[in-house]
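Take a look at the letters that make up each chain.
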2 protein chains.
Amino acid sequence: MKEKLLKSFQGFASFSEQEASLIISKTKLRNFRKKENLLKIGETCSAFYFILKGAIRQYRTTEDLDEITLNLYLENNWVLEHQSFTSQKPSTTTIQAFEDCTVYELDIHAIHELIGRSPSFFQLGKILEQPLLGIELYQNLPTPEQKYRAILTHNPQLIQKFPLKHIASYLKITPETLSRVRNKLSKSS
Amino acid sequence: MKEKLLKSFQGFASFSEQEASLIISKTKLRNFRKKENLLKIGETCSAFYFILKGAIRQYRTTEDLDEITLNLYLENNWVLEHQSFTSQKPSTTTIQAFEDCTVYELDIHAIHELIGRSPSFFQLGKILEQPLLGIELYQNLPTPEQKYRAILTHNPQLIQKFPLKHIASYLKITPETLSRVRNKLSKSS
DNA sequence: AGGAGCACTTGATCCAAATCAAGAAATTAA
DNA sequence: TTAATTTCTTGATTTGGATCAAGTGCTCCT
């Protein structure tokens with residue numbers, strides 16, 4: 001049941017078996033229904049979530065009620081609002097279940113408690129970086145085609161799971177442009 | 001002599017006087033000549049630098065030998081290559097003195113030693129975030145005018161110190177566009 | 001099953017910024 | 001101080017992606 005979580009830790013940290021099972025004992029299993037919010041605007045992010053099953057979208061709402069997709073998450077990924085968590089101030093973004101989800105929750109009290117026991121748990125801080133990785137990878141590329149190619153290379157499941165409009169927003173291009181890029185690439189291959 | 005460094009710590013951390021002076025005792029004062037590199041491509045970033053005097057530019061070189069300016073730093077700022085430092089792998093960017101510089105260097109061994117003495121030195125980790133702040137602030141804005149206004153508001157000294165082409169590259173626009181934006185704004189004010 | 005909204009595609013038009021180009025001004029080097 | 005180089009400005013042209021618009025096909029209701 002918890003081997004996916006263990007595997008994730010092994011990917012970015014070096015915990016002993018005891019340490020890992022101590023962390024895991026602090027996690028709570030939670031379920032969210034499609035469209036249910038893990039974090040609402042104005043709430044302070046007080047936990048890390050690890051997606052066991054499901055998919056999650058994080059977005060910001062503009063004055064004219066458009067939603068800008070900030071991040072898309074699939075299974076075996078860590079989810080949190082970096083800004084809100086590190087500052088412990090209210091979030092300006094929403095984290096929402098895109099489909100029914102099962103997640104592990106590791107809350108800030110548990111984290112502090114662990115760090116109190118042993119400094120090696122400071123490695124948990126690396127989880128903070130996880131959600132930022134994709135953004136770096138895709139959004140800063142100069143052309144829509146490069147962005148789409150990058151996401152195809154590094155995270156093709158994203159494209160299968162989420163509708164084009166969310167992918168487009170995440171890549172900071174319009175759905176029309178993404179549609180054309182995708183069309184062009186499928187022909188040239 | 002070291003009160004600038006003290007002031008910087010007070011800005012983002014809460015160290016006791018003893019702790020602060022312990023950190024400071026671990027720093028080395030170093031000088032770099034104009035165009036001298038603090039970090040070269042391929043080297044691993046193994047220290048934080050605090051600029052006492054001077055200005056520093058960080059850039060990446062593309063295949064066709066263009067330099068893309070990634071960050072610009074003035075006095076009283078922390079400089080490092082985040083990616084290389086946190087992963088302890090070779091940097092793909094260059095950090096170079098834009099003019100003669102005097103800096104404090106706090107190397108990774110000193111940092112580890114401090115953290116070994118007291119967990120409160122984990123607050124030093126916040127230095128890692130410092131260089132990323134400006135990038136968030138300017139580069140993600142949608143129009144050249146907004147980028148230029150933002151930099152005018154938050155860091156006008158940058159514009160005075162660095163030539164237009166470096167500012168333009170940092171903002172990811174062309175020098176021509178920046179010249180026109182600046183010209184337009186100076187007329188409308 | 002039928003209908004109301006979504007999701008996606010495709011085409012036409014527009015526009016902001018990039019590119020290309022050339023000259024003026026400032027800085028650096030000899 | 002002059003020559004050489006770099007920096008900056010200004011104009012003309014091009015272009016990639018946004019926007020506008022219309023039509024088709026899904027999906028999810030009840």
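Asks: Where do I start with the overall build of chain A in this structure?
Replies: Within chain A, the secondary structure is distributed over nine helices and eight strands. For a compact globule of 189 residues, the expected C-alpha radius of gyration is about 16 Å, and chain A comes in at 18 Å, within 12% of that figure. Referenced to the eigenvectors of the C-alpha coordinate spread, the extents of chain A come out at roughly 55 × 40 × 30 Å. For chain A, buried positions account for 44% of its 189 residues. Long-range pairs, those at least 24 residues apart, make up 71% of the contacts in chain A with a sequence separation of at least 6. About 10,200 Å² of surface is accessible on chain A, with carbon and sulfur atoms providing 51% of the total. Distance between charge centroids for chain A: 5 Å, based on 25 positive and 20 negative side chains.

Asks: In this structure, what is going on with the sheet that holds strand β6 (residues 78-79) of chain B? I would like to understand it.
Replies: Backbone hydrogen bonds hold the strands of a sheet together, and the pairing may be parallel or antiparallel. All names here are of chain B. Taken together, four strands build an open sheet; the order of strands is β1-β8-β3-β6 and the sheet is antiparallel. Each edge of the open sheet carries a strand with a single partner, namely β1 (28-32) and β6. Looking at chain direction, β1 and strand β8 (residues 101-107) are connected through five bridges and run antiparallel. Note on β8: the bridge partner recorded for F32 is C101. Contacts from helix α4 (residues 108-117) reach β3 (47-53) and β8 within the one sheet, and its direction differs from that of β8 by about 45°.

Asks: Quick question: what am I supposed to make of the protein's contact with DNA strand D here?
Replies: Of all residues adjacent to DNA strand D, which total 16 residues, the nearest are A:P144, A:T177, B:L164, B:S179 and B:R180. Put simply, 68% of the atoms of DNA strand D that lie within 4 Å of the protein are in sugar or phosphate. At a separation of 3.0 Å, a phosphate oxygen of DNA strand D approaches a polar backbone atom of B:L164. With respect to DNA strand D, the side chain of B:R180 contributes an N or O atom lying 3.0 Å from a base nitrogen. Mapped by element, the contributors of at least two residues to the surface near DNA strand D are α9 (175-188) of chain A together with α8 (164-170) and α9 (175-188) of chain B. Take the surface near DNA strand D: its biggest share by element is five residues, from α9(B). Its residues assigned to classes, the surface near DNA strand D shows four nonpolar, five polar and seven charged.

Asks: Would you take a moment to explain helix α5 (residues 130-139) of chain A for this structure?
Replies: An α-helix turns once per 3.6 residues; consequently, residues spaced three or four apart project the same way. Residue and element names in this part refer to chain A. Of the positions making up α5, those classed as buried are P131, G134, Y138 and Q139. End-on, the buried residues of α5 take up no more than an arc of 90°, which puts them together on one face. Summarising the contacts, the buried residues of α5 are in contact with β5 (67-73), β6 (78-79), α6 (144-154) and α8 (164-170).

Asks: Which parts of the structure should I look at to understand the relation of the copies chain A and chain B?
Replies: Relating the two copies of this chain is a rotation about some axis coupled with a shift parallel to it. When chain A is fitted onto chain B, the two copies agree to an RMSD of 0.1 Å after a turn of 177° and an axial shift of 0.0 Å. With respect to symmetry, the two chain copies, as superposed, fit the operation of a two-fold axis. Relative to the rotation axis, the closest C-alpha in chain A is found at A:P119, a distance of 3.7 Å. Here 83% of the interface residues in chain A have copies in chain B that are interface residues too; the copies meet face to matching face.

Asks: Just to check I follow, could you spell out the side chain of A:Q123 for this structure?
Replies: Tracing the sequence through the fold places A:Q123 in the loop between α4 (108-117) and α5. Residues within four places of A:Q123 in sequence aside, it is in contact with A:F12, A:A13, A:S14 and A:F15.

Asks: What exactly am I supposed to notice about the protein's contact with DNA strand C here?
Replies: The environment of DNA strand C is made up of 15 residues, and the closest members are A:L164, A:S179, A:R180, B:P144 and B:T177. Each atom of DNA strand C within 4 Å of the protein belongs either to a base or to sugar and phosphate, the latter forming 66%. Here a phosphate oxygen of DNA strand C sits 2.7 Å away from a polar atom, N or O, in the side chain of A:S179. Between DNA strand C and B:E176, the relevant distance is 3.2 Å, taken from a base nitrogen to a side-chain nitrogen or oxygen of the residue. Where the surface near DNA strand C is concerned, the elements lending two or more residues are α8 and α9 of chain A together with α9 of chain B. If you tally residues by element for the surface near DNA strand C, the top one is α9(A), at five residues. Here the surface near DNA strand C is composed, by residue class, of four nonpolar, five polar and six charged.

Asks: Teacher, can you tell me more about the sheet that holds β5(A) here?
Replies: Residue and element names in this part refer to chain A. Pairing in this open sheet of four strands is antiparallel, and the strands run β2-β7-β4-β5 from one edge to the other. What marks the edges here is a single partner per strand, and that holds for β2 (37-39) and β5. Direction aside, the axes of adjacent strands within the sheet are offset by 30° on average. Of the strand pairs in this sheet, β2 and strand β7 (residues 94-97) are connected by two bridges, and their pairing is antiparallel. Residue pairing in the sheet places N37 in a bridge with Q96 of β7.

Calculation notes
- Residues numbered from 1 in each chain as written.
- Chains lettered and ligands numbered in written order.
- Predicted model: local features only at pLDDT ≥ 70, side-chain atom pairs only at ≥ 80, totals over all residues.
- Heavy atoms only, no water.
- Helix = DSSP H or I, 4+ residues; strand = E, 2+ residues; numbered from the N terminus.
- Rg over C-alpha atoms; globule rule 2.2 N^0.38 Å.
- Buried < 20%, exposed > 50% of the residue type's maximum accessible area, 1.4 Å probe, protein only.
- Contact = heavy atoms within 4.5 Å.
- Areas by Shrake-Rupley, 256 points an atom, 1.4 Å probe, with all protein chains shown as cover.
- Lys, Arg positive; Asp, Glu negative; His and termini not counted.
- Charge placed at Lys NZ, Arg CZ, Asp CG, Glu CD.
- Pairing = 2+ DSSP bridges.
- Axes fitted to C-alpha atoms, helices over the stretch in contact; angles between N-to-C directions.
- Near = heavy atom within 4 Å.
- Polar contact = N/O pair within 3.5 Å; in protein donor to acceptor, adjacent residues only side chain to side chain.
- Nonpolar A, V, L, I, M, F, W, Y, C, P; charged D, E, K, R; others polar.
- Arc of directions from axis to C-beta.
- Least-squares fit on C-alpha atoms with pLDDT ≥ 70 in both.

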